[in-house]
Amino acid sequence: MKKVEIKTQITVFDSIEELSNSVKNLMNKAIEAKQNAYAPYSNFKVGAAFLLEDGTIVTGNNQENAAYPSGICAERVAIWKVSSEYPNLKILKLAITASSSSQLTKEPVAPCGACRQTLSEYELKQKDKVEVYFMGEVGKVIKTNSILDLLPIAFDKSFL
Ligand code: THU
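Residues numbered from 1 in each chain as written. Predicted model: local features only at pLDDT ≥ 70, side-chain atom pairs only at ≥ 80, totals over all residues. Heavy atoms only, no water.

Asker: Looking at this model, I keep getting lost on the sheet that holds strand S1 (residues 10-13). Mind explaining?
Answerer: Neighbouring strands of a sheet are bound in pairs by backbone hydrogen bonds; such pairs are parallel or else antiparallel. With respect to topology, six strands assemble into an open sheet ordered S1-S6-S5-S4-S2-S3, the strand pairing being mixed. A strand with exactly one partner marks an edge of an open sheet, and here the two such strands are S1 and strand S3 (57-61). Across this sheet, the average inter-strand angle for adjacent strands is 15°, counted without regard to direction. Pairing geometry for strand S5 (residues 131-135) and strand S6 (residues 141-144), over four bridges, is antiparallel. Looking at S6, one finds that Met135 is bridged to Val141. Against the sheet, helix H1 (residues 21-34) engages strand S2 (44-52), S3, strand S4 (91-100), S5 and S6, with an angle of about 45° to S4. (Pairing = 2+ DSSP bridges. Helix = DSSP H or I, 4+ residues; strand = E, 2+ residues; numbered from the N terminus. Axes fitted to C-alpha atoms, helices over the stretch in contact; angles between N-to-C directions. Contact = heavy atoms within 4.5 Å.)

Structural data, given as structure tokens:
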């Protein structure tokens with residue numbers, strides 16, 4: 001028997017102002033995209049924006065449904081737009097932001113587990129890491145160097 005430690009390095013920025021211009025622009029696109037979220041049940045709006053290798057930015061937001069499980073997260077709306085419209089372009093970066101109507105979201109909002117699994121498929125497919133930046137409505141921004149950094153010991157196609 002042996003114990004194995006798994007380490008992940010994250011970068012914490014004090015605010016969006018500390019980001020490079022390109023990442024700040026991407027986060028601003030996620031903030032813009034969040035406005036169109038359809039979240040009448042949770043009142044929690046999420047925006048996501050992907051930067052592709054040719055400079056294209058693809059955004060998404062959460063879309064809820066009266067049959068709750070039929071709704072979908074912002075990250076999956078955005079990644080499926082990317083994969084359906086630009087299947088051959090590499091994804092460089094992802095920015096995520098969220099806000100609630102009931103409280104100021106000050107802590108960075110990380111993607112849910114199902115989104116991590118979905119996103120990991122495309123990072124593995126392109127064989128290049130995708131930087132992930134996430135924040136709340138205000139305050140800190142967390143960066144991970146890849147999607148798989150958020151999903152250690154992942155399930156992937158090698159098991160099939
Ligand atoms: N949500 C996202 O869009 N992304 C996440 O990673 C976490 C949760 C959405 C789903 C639902 O519409 C609302 O936030 C509350 O869970």
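Asker: Looking at this structure, I do not really get the packing of aromatic side chains. What am I missing?
Answerer: Two descriptors summarise a pair of aromatic rings, namely the distance from one centre to the other and the angle between the planes of the rings. This structure, assessed with the given rule, holds three aromatic pairs. On the basis of an interplanar angle of 35° and a centroid distance of 6.3 Å, the ring pair of Phe13 and Tyr133 is categorised as tilted. Pair noted here: Phe13 is in strand S1 and Tyr133 is in strand S5, with a separation of 120 residues, a long-range link. Take Tyr133: its relative accessible area is 5%, and that puts it in the buried class. Ring centres 5.5 Å apart and planes at 45° place the aromatic pair Tyr41 and Tyr68 in the tilted group. Residue Tyr41 is located in the loop between H1 and S2, and its partner Tyr68 is located in the loop between S3 and helix H2 (74-85); the two are separated by 27 residues in the primary sequence. Judged by its relative accessible area of 60%, Tyr68 falls in the exposed class. (Phe/Tyr/Trp six-rings, centres within 6.5 Å; stacked < 30°, edge-to-face > 60°. Buried < 20%, exposed > 50% of the residue type's maximum accessible area, 1.4 Å probe, protein only.)

Asker: Hey, could you run me through the site of the ligand in this one?
Answerer: Around the ligand, the neighbouring residues are Ser42, Phe44, Val46, Asn62, Glu64, Cys73, Ala74, Glu75, Pro111 and Cys112. Here Asn62 contributes a side-chain N or O atom positioned 2.9 Å from an oxygen atom of the ligand. One nitrogen or oxygen atom from the side chain of Glu64 is found 2.5 Å from an oxygen atom belonging to the ligand. Using a 2 Å cut-off from the grid points, one finds that the ligand occupies the largest pocket. Sorting the residues of the shell around the ligand by element identifies S2 and H2 as the ones contributing at least two each. Per-class residue counts for the shell around the ligand are six nonpolar, two polar and two charged. (Near = heavy atom within 4 Å. Polar contact = N/O pair within 3.5 Å; in protein donor to acceptor, adjacent residues only side chain to side chain. 1 Å grid on protein atoms, 1.4 Å probe; cavity = no way out; pocket = protein on both sides within 12 Å on 5 of 7 lines; lining within 4 Å. Sits in = over half its atoms within 2 Å of the grid points. Nonpolar A, V, L, I, M, F, W, Y, C, P; charged D, E, K, R; others polar.)

Asker: Help me understand the layout of surface pockets, please; the structure alone is not making it clear to me.
Answerer: Regions of empty space are outlined by a rolling probe, equal in size to a water molecule, passed over the atoms. Reported here for the largest pocket is a volume of approximately 240 Å³. Val46, Asn62, Glu64, Ile72 and Cys73 are, among the 18 residues lining the largest pocket, the residues nearest its centre. Partitioning the lining of the largest pocket into residue classes produces 11 nonpolar, five polar and two charged. (Points joined across faces, edges and corners; volume = space filled by probe spheres on them.)

Asker: Teacher, can you tell me more about the side chain of Ser146 here?
Answerer: Along the chain, the position of Ser146 falls in the segment after S6. Engagement of the side chain of Ser146 in a polar contact is seen with the backbone nitrogen of Leu148, the distance being 3.3 Å. Setting aside residues no more than four positions away along its own chain, Ser146 makes contact with Glu123, Lys129, Val130 and Val132.

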